[in-house]
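Descriptive structure summary
Here are the chains, one letter per residue:
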Amino acid sequence: MSACSYPQPIYSLDKVPLIPLPSMVVPSAEVMPLDKIQSIRTVGADEKLISIALNFKSFWKKHTEQELLLLDDTADGDHAITLIIDNDFSPQQEAYKLEIASDEISVKGKTVEGIYRGLKTLEQLVVLSKLQGKSNFLSLPGGEITDQPCYAYRGAMLDVARHFFSVADVKRYIDLLSTYKINFLHFHLSDDQGWRIEIKSWPKLTKTGGQTQVGGGEGGFYTQEDFREIVKYATDRFITIVPEIDLPGHTNAALASYAELNCDGKATALYTGIKVGFSTLCVDKEVTYDFVEDVIREISEISPGPYFHIGGDESLVTLEEDFNRFMDRTLAIVKKYNKTPMGWYELITANIPEETLLQYWAKTEDFSNVIPKKSKILISSASYNYLDMKYDSITPLGLFWAGYLSVKKAYDWDPKTLVPDLDAEQIVGLEAPLWSETIEDFDDIAYMAFPRIIGHAEIGWTNASLRKWEDYANRLGFHGPLLEALEVKYYATTEIDWK
Ligand code: TNX
């Protein structure tokens, strides 16, 4: 068969509606007919590399019906997808280069993580081509994609305390996040309404504190085994789990489970409403620190990621000096278990170690004067990042205290200029929290997160200078069919011309 008789690809490589938009795409005139690919090949022996190659093999089988052989570097690259670890490739650990030629494909990275991100791009290329091309989908466009993220922390947060979500729901969310190259998932594991993780030394936290949720439903919790399973699932997708135990406020579920954590020695009642700021641990009791240490120790043992999030927000009934004293001791415990502390920005009143990551969530943009210049900041502005804010006045779910958040507003901003006077170097990235006061099941998660979190993922990955709303809106239109194929009930906003 001569080259020109091969089926033409649906798009040229620079016209594929990829999200996040890659840093550089150079199309070529070459065409890669799918049936030429016979193997997936790894260069650089690494167990993790082989494991992502095996996963990609299943992906290829599902979408092209072809079974690939798994080969190592003793085979040559003809008719193969070659995954290459190259230490000198880039200083950036998530950078990758994807090359598509007429008879081979390669993905190169400094690390397995970089190659994984590149394979996610290749997967989108296949899926988007297939959805648009239907039965005509037989080839990929040639060219090169060189890519790397703008921010090292591109996160999502799920509040499993106000409503509990099953391990299966969490895994489904993780899969979707990985499609868009998100690399951190922060779990809000405790709040007034529920304690959601088994602590073996304090069993009533889940036996009592895990038994209800907002609205009075039955709640639930993760056993440590469940949590390990989630961590493994996320780690396999290069997503780091950040556990959060919100302290010393937002603790009614713990205070209802153990009377001794209360200053008056009386257990509180379980709470199923949505008020905030009414609970606090008793900062002057020694047992409080036994509790905090046991919780941080047990969770740290099953959390391989670098961060431990200690909350610190809205402790409205804790005096500031008590709050600071409590946090000094709690920060020392986090350090003892070799974790980097993370907290909501109210933590700044305490003596925070320099490496502390502060999560900025305020709705106004004028907090830079209270944030020390040396602090590391994660941008989670309620006005731009909060997935629980309603899209508009008729959104059936969500809250609106920080204003409505349309798909355009959620996309069309820059973390570097959102907060005046903050140094760009202080910003490690951004995170989109989904608070779950009104979110009850996976379809609710999908409706509020999609499509806004896709834009958020692009803000985290793609340099601001390359991002334009009109271009993004056009690309996003092609992701409707992709989400539909995954049965994700996203909000089909009229801001987008869905394909
Ligand atoms: C504020 S943002 C909270 C949460 C609520 C959320 C609702 C933050 C650190 N605290 O407790 O769930 O608003 O939007």
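All values derive from a computational prediction rather than experimental measurement. (Residues numbered from 1 in each chain as written. Predicted model: local features only at pLDDT ≥ 70, side-chain atom pairs only at ≥ 80, totals over all residues. Heavy atoms only, no water.)

1. Some points on the pairing of strand S17 (residues 427–434)
This is how the line gets drawn: Buried means the residue's accessible area, taken with a 1.4 Å probe over protein chains only, is under 20% of the maximum for its type, while exposed means over 50%, and partly exposed covers the values in between. A run of H or I in DSSP becomes a helix once it reaches four residues, and a run of E becomes a strand once it reaches two; helices and strands are each numbered from the N terminus. Pairs of strands are assigned from DSSP output, requiring at least two bridges between the strands.
The buried fraction of S17 is high, at 8 of 8 residues. When strand S8 (residues 153–159) meets S17, the two strands line up parallel, connected through 6 bridges. Along S17, the bridge assignment pairs Tyr153 with Gly429. Sheet topology places strand S16 (residues 376–379) next to S17; 3 bridges connect them, and they run parallel. Looking at the pairing, Leu378 lines up with Gly429 of S17.

2. Quick notes on unusual backbone geometry
A cis amide bond, omega -5°, links Ile19 with the succeeding residue Pro20. By the secondary structure assignment, Pro20 is in the segment before strand S1 (24–33). Geometrically, the link from Phe450 to Pro451 is a cis peptide bond, its omega value of 15° lying close to zero. A positive phi angle, near 60°, is found at Glu65, a position not held by glycine. Its identity as a non-glycine residue notwithstanding, His79 has a phi of 60°, on the positive side. Within the fold, His79 resides in the loop between strand S3 (69–71) and strand S4 (80–85).

3. Notes on the domain arrangement of the protein chain
It is common to give the size of an interface as the accessible area lost on bringing the parts into contact. Selection rule: How far each domain reaches was decided by an automatic or database domain assignment. Pairs of residues are marked as contacts when any of their non-hydrogen atoms sit within 4.5 Å. As used here, buried area is the combined drop in accessible area, with a 1.4 Å probe, of two parts when they are placed together. A side-chain nitrogen of Lys or Arg and a carboxyl oxygen of Asp or Glu constitute a salt bridge if their distance falls within 4 Å. Residue classes follow a fixed rule: Ala, Val, Leu, Ile, Met, Phe, Trp, Tyr, Cys and Pro count as nonpolar, while Asp, Glu, Lys and Arg count as charged, and any other residue, Gly among them, counts as polar.
What the domain assignment reports for the protein chain is domain 1 (3–147) and domain 2 (153–485). Each partner contributes residues to the interface: domain 1 has 24 residues there, and domain 2 has 25 residues. Interface of domain 1 and domain 2: buried area, both sides summed, is about 2200 Å²; carbon and sulfur atoms make up 64% of it. The largest share of the area that domain 1 buries against domain 2 comes from Ile19, Pro20 and Leu21, three residues that together contribute 30% of it. Counting every contact that joins domain 1 to domain 2 gives 1 salt bridge. Elements supplying a minimum of two residues to the side of domain 1 that touches domain 2: helix H1 (47–64) and helix H2 (112–133). By residue number, the principal contributor to the side of domain 1 that touches domain 2 is H2, which donates 11 residues. Here the residues of the side of domain 1 that touches domain 2 sort into 14 nonpolar, 4 polar and 6 charged.

4. Brief notes about a nonpolar patch on the surface
For clarity, the threshold we go by: Residues qualify for a patch when their relative accessible area is over 30% and they have no salt bridge, like charges being joined within 9 Å and the nonpolar side chains of Val, Leu, Ile, Met, Phe, Trp and Tyr within 5 Å. Computed with the Shrake-Rupley method and a 1.4 Å probe, the accessible areas treat only the protein chains shown as cover for residues.
Taken together, Ile50, Leu54 and Leu70 make up a surface patch of nonpolar side chains, about 220 Å² in accessible area. Among the secondary structure elements, Leu54 is positioned in helix H1.

5. Overview of the site of the ligand
The line we're drawing: A single heavy atom is enough: if one lies within 4 Å of a molecule or strand, its residue is considered near that molecule or strand. Any pair of nitrogen or oxygen atoms within 3.5 Å is treated as a polar contact; in protein, a donor-acceptor pairing is required on top of that, and neighbouring residues in sequence qualify only through side-chain atoms on both sides.
The full set close to the ligand counts 14 residues, and Arg162, Tyr386, Asp388, Trp401 and Glu437 are the nearest of them. Within the side chain of Arg162, one N or O atom sits 2.8 Å away from an oxygen atom of the ligand. Between the ligand and the protein, one listed contact pairs an oxygen atom with a side-chain N or O atom of Asp388 at 2.6 Å. About the coverage of the ligand: the protein hides 97% of its 360 Å² of free accessible area. For the shell around the ligand, the per-class residue count stands at 8 nonpolar, 1 polar and 5 charged.

6. Comments concerning the pattern of salt bridges
Evaluated as defined, the whole model comprises 28 salt bridges. With a closest N to O distance of 3.0 Å, Arg297 and Asp294 form a salt bridge. On the criterion of helical spacing, the pair formed by Arg297 and Asp294 is a turn pair, its members being 3 residues apart in helix H7 (residues 286–301). Residue Asp412 pairs with Lys408 through a salt bridge whose shortest N-O separation is 3.3 Å. Lys408 gets classed as partly exposed once you look at its relative accessible area, which sits at 35%.

7. Notes on the packing of H1 against H2
Note the following rule: Note on geometry: axes are C-alpha line fits, over the in-contact stretch for helices, and angles between N-to-C directions span 0 to 180 degrees. Roughly parallel covers angles under 35 degrees, roughly antiparallel covers those over 145, roughly perpendicular covers 65 to 115, and oblique covers all other angles.
As a packed pair, H1 and H2 sit with axes 11 Å apart at the nearest point and diverge in direction by 5°. With respect to each other, H1 and H2 are oriented roughly parallel. In this structure, H1 uses Lys48, Leu49, Ile52, Phe56, Phe59, Trp60, Lys62 and His63 to contact H2, whose residues at the interface are Val112, Ile115, Tyr116, Leu119, Leu122, Glu123, Val126, Val127 and Lys130. When the residues that make up the contact of H1 with H2 are grouped by side-chain class, the tally is 12 nonpolar, 1 polar and 4 charged.

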